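A structural walkthrough
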Amino acid sequence: MTDNVFPGSRKPPTMDTVQEEQPGEPLTQYVQRVIARMRAFDRRHPLLWDLHLTGFWLTAAVIDYAGDGWRNVTRNPATPEWLVLTLNLGFAVPLLWRRTHPRTILLATTPLALTNAWTGATLQAALLQLLVIHHTALRRPLRTLPWAIPLCLTPVIVTAIRHPRGSADDDIVPQLLSLLLAAVLGIALRTRRDYTAALEDRARRLETERDQQARLATAAERARIAREMHDIIGHNLSVITGLADGGRYAAAKSPARAAQALDAIATASRQALTELRRLLDVLRDEDPPPPEPTRTPQPTLTDLDHLIEGVRRAGLPVHTVTHGTPPVLPPGRQLTVYRVVQEALTNALKHAGPNATAAITLSYDAKGAVTVTVTDTGHGGTPADAGSGRGLPGMRERTALYGGTLEAGPRPHPDRGWRVRLHLPEEVPQ
């Protein structure tokens, strides 16, 4: 994606807005904009639009009656004028409810249409039933049409029988084609409306899914940054605390040892600051990035010696045993091993207590499997962050990424202390 869209940043696209955004001929774009505005006005003020349309046809009906225009098409000039006026009004007024109750309007105007046909008045206002048929096809179930069209065609047949003018085909066929055309137009508009609604719903669902994916990606990135921050700050501060305590006790008896502790504290602090800067650089929104940025690689298995040496300087003796030859592991698997060892040693520094020692056993398989066991001889208490913090959960999340297993808990009786065991199986080729 070229842009980031978050929930609430904009409204879901509609067909009207999509049509406005698509390139096309100026005249086509103008017509589309006019139609979109008319539809929007109709949605906001449906009654006002219905009043205008009904008023137009009502005015036309009154003019047809007052100007004797109906006499030009009637087949019975002797039709009473009061009946002509009544029929004209009866066909025009119900149009006000044509959209909400088209079937009711059709049934209500059918007696008027039969009267119009039986008396031979044949008023042009009867053609307004075509508009009712159109809205029936547009807004009501299509099973209504098989009886609605014959119902409207019945008065035409009555006229052809009682007041023939030429052959019956001249009266019936044009009216039948007009009814079918009105129904087809209604079905076409209905199909387009349903298709447009489906596209808008799909656009909304796609945008919702995109926003959800963005939120999931954000949450995953936050979890990753939180794990890195915990590993960096927790470990280095534990080392610094241990060195500071040792330097304080050594200051009175051995100033040289105190100076070494201060040097180690400075080194650990610089390392923590360097890693923090590298991590926080990811969060910057500076664009473009600075030229030739300095990049510090993630820790690997070769950095374990430096990690263990720092823990030893902090006052926790660490004994290491390696079985097998370290294979060439992907950087992600190496980082997982490093972070688990770092977290286990950090917890030992925090919770093992005085006079505790730690042991690390690294077992490498020729096919790429790795097993790491970290134990300490402390009092065996549960780390403070085992339930609510990010230490052990972070280790388990890292392990699960590579299909491994992680066991963490007190050592079995009678041994004292805590044990963390990591196993990463051999990597399956994709």
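Because the structure is a prediction, the values reported are computed rather than measured.

Focus: the overall build of the protein chain
Secondary structure summary: the protein chain contains 12 helices and five strands in total. When the 430 residues of the protein chain are sorted by exposure, 37% land in the buried category. In the protein chain, of all internal contacts separated by at least 6 residues, the share reaching a separation of at least 24 is 73%. Summed over its atoms, the accessible surface of the protein chain is roughly 25400 Å², and 60% of this surface lies on carbon and sulfur atoms.

Side note on the packing of helix 4 (residues 81–92) against helix 5 (residues 102–119)
Where helix 4 contacts helix 5, the two axes come as close as 10 Å, and the packing angle between them is 145°. The interaxial crossing formed by helix 4 with helix 5 has left-handed handedness. Contacts from L83, L87, G90 and F91 of helix 4 reach helix 5 at T109, L112, A113, T115, N116 and T119. Taken together, the residues of the contact of helix 4 with helix 5 sort by class into five nonpolar, five polar and no charged.

Let's talk about the pairing of strand 3 (residues 370–376)
The buried count for strand 3 comes to seven of seven residues, which makes it a mostly enclosed element. Alternating residues of strand 3 divide into V370, V372, V374 and D376 and T371, T373 and T375, and every residue in both groups is buried. Of the strand pairs in this sheet, strand 2 (residues 358–364) and strand 3 are connected by seven bridges, and their pairing is antiparallel. Considered in strand 3, the bridge of A359 is made with T375. Judged from the six bridges that link them, strand 3 and strand 5 (residues 418–424) form a sheet pairing that is antiparallel. Across the sheet, the residue bridging to T375 is R419, located in strand 5.

What about the confidence of the model for the protein chain?
Taken as a whole, the protein chain shows an average pLDDT of 78; of its residues, 83% reach a score of 70 or greater. Overall, residues 384–388 carries pLDDT values under 50, and its contacts beyond four positions in sequence, including any with other chains, amount to nine contacts.

Digging into the sheet that holds strand 4 (residues 405–410)
Overall, mixed pairing links the five strands, which are arranged 1-2-3-5-4 in an open sheet. Edge positions in the sheet fall to strand 1 (318–323) and strand 4, since each has one partner strand and no second. Each strand of the sheet is rotated relative to its neighbour by a mean of 10°, with strand direction disregarded. Across the face of the sheet, helix 10 (residues 304–313) comes into contact with strand 1 and strand 2 while running at roughly 155° to strand 1.

Some details on the pattern of salt bridges
Per the counting criterion, the structure on display carries 10 salt bridges. With its nearest N and O atoms 3.7 Å apart, the salt bridge here joins R71 to D68. Under the relative-accessibility criterion, R71 is labelled partly exposed at 33%. Judged by its relative accessible area of 34%, D68 falls in the partly exposed class. Among the ionic contacts, a cluster of salt bridges with common partners joins D50, R98 and R99.

A few points about the nonpolar core
Among the nonpolar cores identified, the biggest contains 31 residues, and V318, V337, V341, L345, I360 and V372 are the most heavily contacted of them. If you list the elements that add at least two residues to this core, you get helix 10, helix 11 (331–351), strand 2, strand 3, helix 12 (391–401) and strand 5. Sorting elements by how many residues they give to this core places helix 11 first, with seven residues. Residues contacting V318, with those up to four places away along its chain left out, are I308, V311, R312, L345, A358 and I360. By size, the runner-up hydrophobic cluster in this structure holds 28 residues, among which are L106, A125, L128 and L145.

Things to note about the packing of helix 2 (residues 26–44) against helix 3 (residues 46–66)
Contact geometry for helix 2 and helix 3: axes closest at 5 Å, N-to-C directions at 105°. Here helix 3 runs roughly perpendicular to helix 2, going by the angle between their axes. Listed contacts from helix 3 to M38, F41, D42, R43 and R44 of helix 2 are P46, L48 and W49.

Thresholds applied
- Residues numbered from 1 in each chain as written.
- Predicted model: local features only at pLDDT ≥ 70, side-chain atom pairs only at ≥ 80, totals over all residues.
- Heavy atoms only, no water.
- Helix = DSSP H or I, 4+ residues; strand = E, 2+ residues; numbered from the N terminus.
- Buried < 20%, exposed > 50% of the residue type's maximum accessible area, 1.4 Å probe, protein only.
- Contact = heavy atoms within 4.5 Å.
- Areas by Shrake-Rupley, 256 points an atom, 1.4 Å probe, with all protein chains shown as cover.
- Axes fitted to C-alpha atoms, helices over the stretch in contact; angles between N-to-C directions.
- Left-handed = near helix turned anticlockwise from the far one by under 90°.
- Nonpolar A, V, L, I, M, F, W, Y, C, P; charged D, E, K, R; others polar.
- Pairing = 2+ DSSP bridges.
- pLDDT = per-residue confidence, 0-100.
- Salt bridge = Lys/Arg side-chain N within 4 Å of Asp/Glu carboxyl O.
- Core = buried A, V, L, I, M, F, W, Y, C linked by side-chain atoms within 4.5 Å.
- Parallel < 35°, antiparallel > 145°, perpendicular 65-115°, else oblique.

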